[in-house]
Amino acid sequence: MSLFMDLNLPFTADKKRLKTLLETAAHLGFSTVAINYFHEGQSKGKKEIPKPTPLAQLVDELPIVQGKSRPIKVLNRLTILVSDASHFRHNAAEYRAYDILAVQPTTEKLFHAACMTFDVDIICITVTERLPFFFKRAPINGARERGVMFEVCYAAAIRDSTMRRYTLTNTLALVERNKGKNIIVSSGTDKPLELRGPYDITNLAQLFGMSEVEAKDGVSSNCRSVLLHAETRKTACGIIYTVKTPNDSQPKDGPPLAKKQKTSAS
Amino acid sequence: MQPAVFERVVVKNSPVYQYMKVSLVLEQAQTKLTAVELKHLITTGLKSLYGEVGAAFPFDLLTFEEDTLTAVLRVYSRGLVRLWSSITLLGFFQQQRCAFRVLQVSPYLLALTGNSRDLALDS
């Protein structure tokens, strides 16, 4: 059960660019991607929260994921840059249009609030500048208990060497605090040449101090938890998934199918 | 006809080398580069991420196809994570954007001749 996901592809109005971006992501092996709409919280002026563009208007045909023979799944995600507690409105109707909800806190107080009380799925960690606060154990543990994930974007590390240092420093600090758990690694770029494959990211996450298993979880099962958490958020108490197990139609006697093919070829 | 006999070989020691098959994707597809330039590019990447000690790390460029920009690298197993992360974070080649796509990684060079993920098993 490891479908790879990239939950941060920034939205661009340029359709052609978005198409190549989705094609690259599918070619690299990502089964699910989320188009990210960024919203900067403002107390004055009341900037409107953007409405997600319906997928049918963006792309005509979804590309096929490499090695899966299934089209890529595209979700919508909203990220709110919170610099004041009032910027995040609980249960706002605008949030309902999105599959995933994320916040990017700018101060320690807001980080604490985001971990403990905000009803979100992802907390973004700033990677383009020095972190203005230290990670404390209490909010991190609180977030883990509530199933909120922390997100690290790696695109800035490819772009610039100074930002690479900040990415490494901030992520190392985070991994040190929560022992590599509850972290998802996503791209956060709208350029196809800055996207990297899931195994590249797994390897890169080992550089952040995560173990191999934690690193792989960061692009696969933790992302799945985010999606499930997001669905739970919309309902009153929870969701249940049932999967029909395929019936074993193979004949019980005789060697397994794979072995039979080998001998029959000779 | 005798059925094929299979022999099972178990290698207990950790492999000395790891082989990587990588391809370089450039923004301007018509750009040509030689094997020397490619190795220099990778070394620059190692140096920018790991410094002098990292740049001194031994790795070999075994083959390089200039028309497809595909190369096979050989590296000591211990340095795989370092080499891989440095080529992951390479983003520029002579002021134009580039990206390395790691196609296959294996401890056996023979495994790079074919990709099991491209096989059509159900046909």
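Located above this text is the structure these notes cover.
Reference entry: report on the structure contained in this document. (Residues numbered from 1 in each chain as written. Chains lettered and ligands numbered in written order. Predicted model: local features only at pLDDT ≥ 70, side-chain atom pairs only at ≥ 80, totals over all residues. Heavy atoms only, no water.)

All names here are of chain A. Strand order in the open sheet made by the seven strands is β1-β2-β3-β4-β5-β6-β7, with parallel pairing throughout. With one partner strand each, in any of the chains shown, β1 (4-10) and β7 (183-186) form the two edges of the open sheet. Going from strand to strand, the sheet's axes swing by 30° on average, the running direction of each strand aside. With nine bridges joining them, strand β2 (residues 30-40) and strand β3 (residues 73-82) adopt parallel strand pairing. Each residue of the ladder has a partner; that of Phe38, found in β3, is Thr79. Its contacts with the sheet put helix α6 (residues 161-178) on β6 (149-153) and β7, and the angle it makes with β6 is roughly 160°. (Pairing = 2+ DSSP bridges. Helix = DSSP H or I, 4+ residues; strand = E, 2+ residues; numbered from the N terminus. Axes fitted to C-alpha atoms, helices over the stretch in contact; angles between N-to-C directions. Contact = heavy atoms within 4.5 Å.)

This next bit is on the pattern of salt bridges. Residue and element names in this part refer to chain A. With the rule as written, the count across this model stands at 11 salt bridges over all chains. Linking Arg17 and Asp190 is a salt bridge whose minimum nitrogen-to-oxygen distance equals 3.3 Å. Here the residue Arg17 occupies a position in helix α1 (residues 15-28), and Asp190 occupies one in the loop between β7 and α7 (198-207), the gap between them amounting to 173 residues. Judged by its relative accessible area of 32%, Arg17 is partly exposed. When its relative accessible area of 16% is taken as the criterion, Asp190 is described as buried. Between Lys181 and Glu214 there is a salt bridge, with the nearest N and O atoms lying 3.9 Å from each other. Separated by 33 residues along the polypeptide, Lys181 in the loop between α6 and β7 and Glu214 in helix α8 (residues 212-217) bring together distant segments of the chain. (Salt bridge = Lys/Arg side-chain N within 4 Å of Asp/Glu carboxyl O. Buried < 20%, exposed > 50% of the residue type's maximum accessible area, 1.4 Å probe, protein only.)

Another point: the interface of chain B and chain A. Of the residues lining the interface, 26 residues belong to chain B; the matching set on chain A comes to 22 residues. Carbon and sulfur atoms make up 60% of the area that chain B and chain A hide from each other, which totals about 2,100 Å². Interface area lost by chain B to chain A is led by B:Leu89, B:Arg97 and B:Arg101, which between them contribute 31%. For the pair chain B and chain A, the interface holds one salt bridge. Here A:Glu194 makes a salt bridge to B:Arg97, at a shortest N to O gap of 2.5 Å. Elements represented by at least two residues in the side of chain B that touches chain A include exactly β1 (17-26), α1 (35-55), α2 (80-88) and β5 (96-106) of chain B. Take the side of chain B that touches chain A: its biggest share by element is six residues, from β5(B). Looking at the side of chain B that touches chain A, its residues break down into 18 nonpolar, four polar and four charged. (Buried area = accessible area lost by both parts, 1.4 Å probe. Nonpolar A, V, L, I, M, F, W, Y, C, P; charged D, E, K, R; others polar.)

With that settled, the discussion passes to a positive patch on the surface. On the surface, a cluster of positive charge is contributed by A:Arg137, A:Arg144, A:Arg177 and A:Lys179. On the secondary structure map, A:Arg137 appears in helix α4 (residues 137-146). (Patch = residues over 30% accessible without salt bridge, like charges linked within 9 Å, V, L, I, M, F, W, Y side chains within 5 Å. Areas by Shrake-Rupley, 256 points an atom, 1.4 Å probe, with all protein chains shown as cover. Lys, Arg positive; Asp, Glu negative; His and termini not counted. Charge placed at Lys NZ, Arg CZ, Asp CG, Glu CD.)

Turning next to α7(A). Counting buried residues along α7(A), seven of its 10 residues qualify, which places the element largely inside the surrounding structure. Looking at α7(A), one finds that the buried residues are A:Pro198, A:Asp200, A:Ile201, A:Thr202, A:Asn203, A:Leu204 and A:Ala205.

It is at 9 Å that the axes of α7(A) and α2(B) come closest, and there the two elements cross at 115°. Between α7(A) and α2(B), the crossing angle belongs to the class labelled roughly perpendicular. Classified by chirality, the crossing of α2(B) by α7(A) is left-handed. Only B:Val81, B:Trp84, B:Ser85 and B:Thr88 of α2(B) make contact with α7(A), whose side of the interface consists of A:Tyr199, A:Asp200, A:Asn203, A:Leu204, A:Gln206 and A:Leu207. Taken together, the residues of the contact of α7(A) with α2(B) sort by class into five nonpolar, four polar and one charged. (Parallel < 35°, antiparallel > 145°, perpendicular 65-115°, else oblique. Left-handed = near helix turned anticlockwise from the far one by under 90°.)

We now examine the packing of aromatic side chains. Tallied over the full model, the rule gives nine aromatic pairs over all chains. Centroid distance A:Phe11 to A:Tyr37: 4.6 Å. Interplanar angle 20°. Geometry classified as stacked. On the criterion of sequence distance, the pair formed by A:Phe11 in the loop between β1 and α1 and A:Tyr37 in strand β2 is long-range, its members being 26 residues apart. Aromatic pair A:Phe111 and A:Phe133: ring centres 5.2 Å apart, planes at 40°, arrangement tilted. Of the two residues, A:Phe111 sits in helix α3 (residues 108-116) while A:Phe133 sits in the loop between β5 (122-124) and α4, which places them 22 residues apart along the sequence. Considered together, A:Phe111 and A:Phe133 belong to a single accessibility category, that of buried residues. Among the aromatic residues, those joined into a cluster by ring pairs are A:Phe111, A:Phe133, A:Phe135 and A:Phe150. Lying over the aromatic face of B:Phe59, B:Lys39 brings its terminal NZ or CZ to 4.7 Å of the ring centre. A cation over an aromatic ring shows up here: B:Arg82 above the ring of B:Tyr50, its NZ or CZ 5.8 Å from the ring centre. (Phe/Tyr/Trp six-rings, centres within 6.5 Å; stacked < 30°, edge-to-face > 60°. Lys NZ or Arg CZ within 6 Å of the ring centre and 35° of its normal.)

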